[in-house]
Amino acid sequence: LNFQGEVGLNLEDLPRFIPDGKKALEPYQLSGIVNIKGEFKGDAVHWQDWQYNLTGESPLFSIWGVKLKNMKFNAAQKNNLLKPLRLWGEFYDGDLNAVASIDFARKDMPFDLIMRVLNANVAQLKTDTPFKKQSLAGGLSTTMFLDGTLSDLKNIHGKGGIEIKD
């Protein structure tokens, strides 16, 4: 495959395009329309070897029920390395910025992620989480660094800090 262009993708339709997609993607509760521009080269079967440079945006992106408004991203993969993957947007009246990389050359697919949230409204955020009935408020800010492997997400390592201010 070798193409460039633009596509609009409803994330709820994504499982239809991926083998065992429904089973694999259902736990993430993905929703939103994502508009993607870029170029792509690769064998349809050997996804680890794909080469692409993509940019995208969504007015409302949701994962696990948590929402990111005016989400934008860019991603580049070459030589089995997705680096960088950048994602940013409005996170419950605050800002979210993330940068990640994934090494697809290794079977365990090691990754790292740096994420920062500034001044997210906790009262709004809790309505989309299991904390709906809790009395929580304030502005949430956090910075975290995570690393691990995609093959074993139960053993992620990380460090960071969190602050909630009134």
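Above this text you will find the structure in question.
All values reported here derive from a predicted model rather than from experimental measurement.

1. Looking at the packing of aromatic side chains
Part 1 of the argument: This structure, assessed with the given rule, holds four aromatic pairs.
Part 2 of the argument: Judged by centre distance (4.9 Å) and plane angle (75°), the ring pair of F40 and W50 falls under edge-to-face. Residue F40 is located in strand 2 (residues 33-41), and its partner W50 is located in the loop between strand 2 and strand 3 (51-63); the two are separated by 10 residues in the primary sequence.
Part 3 of the argument: For W50, a relative accessible area of 25% translates into the label partly exposed.
Part 4 of the argument: A network of ring pairs unites the aromatic residues F3, F40 and W50 as a single cluster.

2. Structural notes on the sheet that holds strand 1 (residues 2-10)
Part 1 of the argument: Pairing in this open sheet of nine strands is antiparallel, and the strands run 1-2-3-4-5-6-7-8-9 from one edge to the other. Only two strands of the sheet have a single partner each, and these edge strands are strand 1 and strand 9 (157-165). Neighbour-to-neighbour, the strand axes of the sheet open up by a mean angle of 10°, direction not taken into account.
Part 2 of the argument: Across 10 bridges, strand 7 (residues 110-121) lies against strand 8 (residues 139-149) in antiparallel orientation. By the bridge assignment for strand 8, R116 is matched with T143.

3. Describing a nonpolar patch on the surface
Part 1 of the argument: Together, L150, L153 and I156 give the surface a local cluster of nonpolar side chains, amounting to about 220 Å² of exposed area.
Part 2 of the argument: Overall, the relative accessible area of 35% leaves I156 in the partly exposed class.

4. Here's the deal with the pattern of salt bridges
Part 1 of the argument: Evaluated as defined, the whole model comprises four salt bridges.
Part 2 of the argument: With a shortest N-O distance of 3.0 Å, K67 and D128 are connected by a salt bridge. In this pair, K67 is assigned in strand 4 (residues 66-78) and D128 in the loop between helix 2 (122-125) and strand 8, connecting sequence segments 61 residues apart.
Part 3 of the argument: What makes K67 partly exposed here is its relative accessible area of 30%.

5. Describing the nonpolar core
Part 1 of the argument: One finds L11, V34, F61, F91 and L96 to be the most contacted residues of the largest nonpolar core, which totals 31 residues.
Part 2 of the argument: At five residues, the largest contribution of residues to this core is made by strand 7.
Part 3 of the argument: If we skip the residues at most four places from it in the chain, L11 touches L30, S31, G32, V34 and F61.

6. A look at unusual backbone geometry
Part 1 of the argument: The omega torsion of the bond from K83 to P84 falls at 0°, within 30 degrees of zero and hence cis.
Part 2 of the argument: Turning to its location among the elements, P84 is positioned in strand 5 (residues 81-91).
Part 3 of the argument: Of note in the backbone geometry, N79 takes a positive phi value of approximately 55° without being a glycine.
Part 4 of the argument: As for its placement among the helices and strands, N79 is situated in the loop between strand 4 and strand 5.
Part 5 of the argument: Accessibility expressed as a relative area gives 62% for N79, which makes it exposed.
Part 6 of the argument: With phi around 55°, N119 is a residue other than glycine that occupies positive phi space.
Part 7 of the argument: Turning to its location among the elements, N119 is positioned in strand 7.
Part 8 of the argument: The class for N119 is exposed, based on a relative accessible area of 52%.

7. Examining the pairing of strand 5
A regular strand carries its side chains on alternate faces of the sheet.
Part 1 of the argument: With seven bridges connecting them, strand 4 and strand 5 associate as antiparallel partners. The residue of strand 5 that forms the bridge with K69 is E90.
Part 2 of the argument: Here strand 4 folds back onto strand 5, and the loop between the two strands holds two residues, one of which, N79, carries a positive phi near 55°.
Part 3 of the argument: The sheet contact formed by strand 5 and strand 6 (residues 94-103) spans nine bridges and is antiparallel. Residue pairing in the sheet places G89 in a bridge with L96 of strand 6.
Part 4 of the argument: If you look at the hairpin formed by strand 5 and strand 6, you'll find two residues sitting between the two strands, and Y92 has a positive phi there, around 50°.

Cut-off values and rules
- Residues numbered from 1 in each chain as written.
- Predicted model: local features only at pLDDT ≥ 70, side-chain atom pairs only at ≥ 80, totals over all residues.
- Heavy atoms only, no water.
- Phe/Tyr/Trp six-rings, centres within 6.5 Å; stacked < 30°, edge-to-face > 60°.
- Helix = DSSP H or I, 4+ residues; strand = E, 2+ residues; numbered from the N terminus.
- Buried < 20%, exposed > 50% of the residue type's maximum accessible area, 1.4 Å probe, protein only.
- Pairing = 2+ DSSP bridges.
- Axes fitted to C-alpha atoms, helices over the stretch in contact; angles between N-to-C directions.
- Patch = residues over 30% accessible without salt bridge, like charges linked within 9 Å, V, L, I, M, F, W, Y side chains within 5 Å.
- Areas by Shrake-Rupley, 256 points an atom, 1.4 Å probe, with all protein chains shown as cover.
- Salt bridge = Lys/Arg side-chain N within 4 Å of Asp/Glu carboxyl O.
- Core = buried A, V, L, I, M, F, W, Y, C linked by side-chain atoms within 4.5 Å.
- Contact = heavy atoms within 4.5 Å.

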